Amino acid sequence: HNHNATQVPTKWHSWLSHIRLQSPTEDAVMRNLSPTWKAPWVENLTGTRGAHRPYNMVKPNIDAWD
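Predicted model only: the values in this text are computed from it and were never measured. (Residues numbered from 1 in each chain as written. Predicted model: local features only at pLDDT ≥ 70, side-chain atom pairs only at ≥ 80, totals over all residues. Heavy atoms only, no water.)

*Asks:* Sorry, what's going on with the side chain of Ser-23 here?
*Replies:* On the secondary structure map, Ser-23 appears in the loop between α1 (10-16) and α2 (28-31). At 3.1 Å, the side chain of Ser-23 forms a polar contact with the side chain of Thr-25. Discounting residues that sit within four places of it in the chain, Ser-23 has contacts with Trp-12 and Trp-15. (Helix = DSSP H or I, 4+ residues; strand = E, 2+ residues; numbered from the N terminus. Polar contact = N/O pair within 3.5 Å; in protein donor to acceptor, adjacent residues only side chain to side chain. Contact = heavy atoms within 4.5 Å.)

*Asks:* Help me understand the pattern of salt bridges, please; the structure alone is not making it clear to me.
*Replies:* Scanning the entire structure with this criterion turns up one salt bridge. A salt bridge links Arg-20 to Asp-27; its shortest N-O distance comes to 2.7 Å. Arg-20 sits in the partly exposed class, given a relative accessible area of 29%. Of the residues examined, Asp-27 reaches a relative accessible area of 8% and is grouped as buried. (Salt bridge = Lys/Arg side-chain N within 4 Å of Asp/Glu carboxyl O. Buried < 20%, exposed > 50% of the residue type's maximum accessible area, 1.4 Å probe, protein only.)

*Asks:* How should I be thinking about the packing of aromatic side chains in this particular structure?
*Replies:* Geometrically, a pair of aromatic rings is defined through the distance of the ring centres and the angle of the planes. Applying the stated rule across the entire model yields one aromatic pair. Judged by centre distance (5.3 Å) and plane angle (80°), the ring pair of Trp-12 and Trp-15 falls under edge-to-face. Here the residue Trp-12 and the residue Trp-15 both occupy positions in helix α1, the gap between them amounting to three residues, near one helical turn. Looking at Trp-12, the relative accessible area reads 28%, which means it is partly exposed. For Trp-15, a relative accessible area of 33% gives the class partly exposed. (Phe/Tyr/Trp six-rings, centres within 6.5 Å; stacked < 30°, edge-to-face > 60°.)

This is the structure we're talking about:
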């Protein structure tokens, strides 16, 4: 299996670690825990094509020879 812990949403972590008995979809406390203004969960995209790449405006320290 090629699974990564960052692919698990935070709500499911406690259930997978056997901390909570009911799954987040069945547990009333977990369903009401997340505030409405919170952004939806997105898995960690580091090392993939979807990873964040900042735009660099700094001149490189080394200039290539022609």
